[in-house]
Amino acid sequence: MFNNIKYVCKKYNFLLRQLVARDFKVKYKRSVLGVLWSLLYPLLTMAVMAIVFSQFFRFKVPDVDYLSYLMSGLVIFNYFSEASNLAMSSVVANFSLINKVYMPKYIFPLSKCVFVGINFLLSQIPLYVILFTSGPGINVYHILLPYMYLCLFLFTLGFGLILSTVSVFLRDMFYIYGVVLNLWTYLTPIMWDINMVSDRPLIAFALKLNPLYWFTYFSRKIILYNAIPEINSWIYCMIFGLGFLLIGILVFKKNQDKFIYYV
Amino acid sequence: MEANNYMIEVNNVSMRFNLGIEKGFSLKQGFVDFFSGKKKPPKKDFWALTDVDFKVKKGEVVGFIGSNGAGKSTLLKVVAGVMKPTKGNVKAYGNICPMIELGAGFDPQLTARENIYLNGSIMGYSKELMDQKFQEIVDFSELHDFLDVPVQNFSSGMIARLAFSVATIVDPEILIVDEILSVGDIAFQAKSEQKMLSMIGGGTTVLFVSHSLEQIKKMCDTVVWIEHGVVQKIGGKEICDEYYQYMISK
């Protein structure tokens, strides 16, 4: 079993690298600033949101620098939304390949999650720029953050596998998911604070069922409050990560042989 | 595996396409059908292959003939592992190089150089092999001057050349060829045919679909005639003549 996994990893490592490299090359081809956009884009999005929410709506989070608050949530949500979106369409988009050459089909959602993951790592640079210039700076607990990155990656990959399976059978998913993501943006405390609803426990409880809440919570506890996240947030992150990955793998595996009839 | 010297065993393979579900479900279509009062068409089964059964020995070159839509390409895809058969099974003892519609893995925005690596990885080759064979691929395709040009600016002949050159760099144990020998200009056609012949001479087992009976006669030891997903006849080159008579009298 483990030998088999090792063999597959080795055999398809090159393919995975090539697919990720392709995405990178195609993404920045013919743009003047090229890869610099990976840094600029999240910064500019944050600037827009900061103007709207802190100047117009006067949102504030007590005791915390609002720009850092916004940015730390935004990089996480952006990773999830972009990776899951690309993963969803990856199987359908590569159907001409699936139909002609044998290769493991999960490699397409996986390559998208890795590709956006590299972008995510790049977007840490503007985040840290903000942390140093307007926020609380850095502390030793930042070394715990990769744990959350890993859980976020597993969760997104699992979710992407489910989405890509569903979208093969139901093309409407592309539109539906666009709306869902829109809703999800507002249900995740990115620009607002969960304490705003603390007087309504039921809503607060429902909002905490959102896996992305826990990923942002974990990250902010370290970045903004200089503290180690409580044990329950460690557990929730891992449960959501592994749980969704497991469901994703099962759903994908069960249906992948049928893909070829539907595209 | 040692007990028999077959390379490929195709055991009672049947392949069903469900034409009703093939389109997938779309709300839009459902809506349109609902208001136009149209009933869902009954699900129609279409058997692309029925009870196909044959075995191929090591080094044998098998040609497949039959009219368009007879199921030849489907059969090759089943053997290549792209599709799972509805019934029966396929056993292949060796690494397969499928040359079914070349250039499917090219990204039009990438350059020829980048596409060589991408396509190689899709075919399942390793990075070391690609590094090692890169020059050979370029030489064979004769596209030295266009290496850093995006493939979207290539002519279809140039794309076919590049794809053929990438696909044939290894000596696979099983080669699956679907009507690709007529790629490029006359000079390249001759060159690619030569390359195929030398691969065959090297003991490769070949499954080969072509509409050129001349090619089939020249290259194949065994000919399989498929019509409507059913094997009509398996035999030597004389099948080509029978097939020809059948097509003429149609």
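Predicted, not measured: the structure shown is a model, and the values here were computed from it.

Regarding a nonpolar patch on the surface
Residue and element names in this part refer to chain A. A grouping of Val-32, Leu-33, Leu-36, Trp-37, Tyr-41 and Leu-44 is seen on the molecular surface, where their side chains present a nonpolar patch of about 630 Å² in accessible area. Within the element layout of this structure, Trp-37 appears in helix H2 (residues 36-56). Taking the relative accessible area as the measure of exposure, Trp-37 reaches 34% and is therefore partly exposed.

Regarding the pairing of strand S3 (residues 61-65) of chain B
Residues and elements named next belong to chain B. Summarising burial for S3: 5 of the 5 residues are buried, a large majority. Side chains Val-61, Gly-63 and Ile-65 of S3 all project onto a buried face; the interleaved residues Val-62 and Phe-64 project onto the opposite face, where all are buried too. Relative to strand S7 (residues 205-209), S3 runs parallel, the two sharing 4 bridges. Bridge pairing in S7 links Val-61 to Val-206.

Quick look at the interface of chain A and chain B
Contacts between the two partners involve 25 residues from chain A, matched on the other side by 36 residues from chain B. In this assembly, chain A packs against chain B so that about 2,700 Å² is buried in total across both faces, 60% of it on carbon and sulfur atoms. Per-residue buried area on chain A facing chain B is highest for A:Phe14, A:Lys100 and A:Tyr261; these three make up 28% of the total on that side. Across the contact surface, chain A and chain B share 4 salt bridges. Linking B:Asp107 and A:Arg22 is a salt bridge whose minimum nitrogen-to-oxygen distance equals 3.5 Å. Here chain A is connected to chain B by 5 residue pairs in polar contact (both at pLDDT 80 or more). Among the secondary structure elements, those contributing two or more residues to the side of chain A that touches chain B are helix H1 (2-28), helix H4 (95-98) and helix H11 (259-262) of chain A. The element best represented in the side of chain A that touches chain B is H1(A), accounting for 8 residues. Of the residues contributing to the side of chain A that touches chain B, the split by class is 14 nonpolar, 3 polar and 8 charged.

Some remarks on the confidence of the model for chain B
When pLDDT is averaged along chain B, the result is 83; 88% of the residues meet or exceed 70. Per-element averaging of pLDDT across chain B places helix H1 (residues 27-36) of chain B at the bottom with 69 and helix H4 (residues 127-141) of chain B at the top with 91.

A short note on the packing of aromatic side chains
Residue and element names in this part refer to chain A. Per the stated rule, a full pass over the model turns up 35 aromatic pairs over all chains. With a centroid separation of 5.1 Å and an interplanar angle of 85°, the aromatic rings of Phe-120 and Tyr-149 are classed as edge-to-face. Of this pair, Phe-120 sits in helix H5 (residues 107-133) while Tyr-149 sits in helix H6 (residues 145-169); the two residues are 29 residues apart in sequence, bridging distant segments of the chain. Here Phe-120 falls in the buried class, since its relative accessible area comes to 7%. When the ring of Phe-155 is compared with that of Phe-159, the centres are 5.8 Å apart and the planes differ by 35°; the resulting orientation is tilted.

Here we look at the side chain of B:Asp107
The residue B:Asp107 is located in the loop between strand S5 (96-100) and helix H3 (112-122) in this model. For B:Asp107, the residues in contact, after removing those within four places along its chain, are A:Arg22, A:Val26, B:Asn115, B:Leu118 and B:Val151.

A word on H4(B)
All names here are of chain B. A rise of 1.5 Å per residue sets the reference length of H4, with its 15 residues, at 21 Å; its end C-alpha atoms lie 20 Å apart and thus fit the reference within 8%. Along H4, the helix axis deviates most sharply at Lys-133, where the bend reaches about 50°. At the C-terminal side of H4, Glu-142 shows a positive phi close to 60°.

Details of unusual backbone geometry
With a phi close to 55°, A:Arg58 is a non-glycine residue in the positive phi region. Within the secondary structure, A:Arg58 sits in the loop between H2 and helix H3 (66-93). A positive phi is found at B:His228, a non-glycine position, where the angle reads about 50°. Topologically, B:His228 is positioned in the loop between strand S8 (222-227) and strand S9 (230-235).

Remarks on the pattern of salt bridges
Residues and elements named next belong to chain B. Under the criterion given, the structure shown has 16 salt bridges over all chains. In this structure, the salt-bridge partner of Arg-113 is Asp-148, at a minimum N-O distance of 3.0 Å. Placement of the pair is Arg-113 in helix H3 and Asp-148 in the loop between H4 and helix H5 (156-167), with a sequence separation of 35 residues. Residue classification places Arg-113 among the partly exposed positions, given a relative accessible area of 34%. What emerges from the salt-bridge pattern is a single network uniting Glu-142, Arg-161, Asp-185 and Lys-191.

Focus on the nonpolar core
In terms of nonpolar packing, the biggest core is built from 114 residues, with A:Phe215, B:Phe64 and B:Leu207 touching the most fellow members. Top contributing element to this core by residue count: H3(A), with 15 residues. In terms of nonpolar packing, the next biggest core, distinct from the first, is built from 46 residues, B:Ile116, B:Leu129, B:Phe164 and B:Val170 among them.

Points about the sheet that holds S9(B)
Across a sheet, paired strands are connected by hydrogen bonds in the backbone, their directions being either parallel or antiparallel. Residue and element names in this part refer to chain B. As summarised here, the arrangement of the 6 strands in space is S5-S6-S7-S3-S8-S9, forming an open sheet in which the pairing is mixed. With one partner strand each, in any of the chains shown, S5 and S9 form the two edges of the open sheet. Taken over all neighbouring pairs, the strand axes of this sheet differ in orientation by 15° on average, direction set aside. Relative to S9, S8 runs antiparallel, the two sharing 5 bridges. The residue bridging Ile-226 from the neighbouring strand is Val-231, located in S9. Running over the sheet, helix H6 (residues 186-201) touches S3, S5, strand S6 (174-178) and S7 and is turned about 150° from S6.

Remarks on helix H2 (residues 72-80) of chain B
All names here are of chain B. With 8 of 9 residues buried, H2 is to be regarded as a mostly interior element. Taken together, the buried positions of H2 are occupied by Lys-72, Thr-74, Leu-75, Leu-76, Lys-77, Val-78, Val-79 and Ala-80. Phi turns positive one or two residues past the end of H2, at Gly-81, with a value near 90°.

Thoughts on the environment of A:Gly178
Residues and elements named next belong to chain A. Tracing the backbone shows Gly-178 in helix H7 (residues 173-187). The partly exposed category is assigned to Gly-178, whose relative accessible area is 35%. For the pair Gly-178 and Ser-81, spaced 97 residues apart in sequence, the C-alpha to C-alpha distance is 9.4 Å.

So, how was this worked out
Residues numbered from 1 in each chain as written. Chains lettered and ligands numbered in written order. Predicted model: local features only at pLDDT ≥ 70, side-chain atom pairs only at ≥ 80, totals over all residues. Heavy atoms only, no water. Patch = residues over 30% accessible without salt bridge, like charges linked within 9 Å, V, L, I, M, F, W, Y side chains within 5 Å. Areas by Shrake-Rupley, 256 points an atom, 1.4 Å probe, with all protein chains shown as cover. Salt bridge = Lys/Arg side-chain N within 4 Å of Asp/Glu carboxyl O. Helix = DSSP H or I, 4+ residues; strand = E, 2+ residues; numbered from the N terminus. Buried < 20%, exposed > 50% of the residue type's maximum accessible area, 1.4 Å probe, protein only. Pairing = 2+ DSSP bridges. Contact = heavy atoms within 4.5 Å. Buried area = accessible area lost by both parts, 1.4 Å probe. Polar contact = N/O pair within 3.5 Å; in protein donor to acceptor, adjacent residues only side chain to side chain. Nonpolar A, V, L, I, M, F, W, Y, C, P; charged D, E, K, R; others polar. pLDDT = per-residue confidence, 0-100. Phe/Tyr/Trp six-rings, centres within 6.5 Å; stacked < 30°, edge-to-face > 60°. Expected span 1.5 Å × (residues − 1). Bend = angle between axes of the 7 residues up to and from the residue. Core = buried A, V, L, I, M, F, W, Y, C linked by side-chain atoms within 4.5 Å. Axes fitted to C-alpha atoms, helices over the stretch in contact; angles between N-to-C directions.

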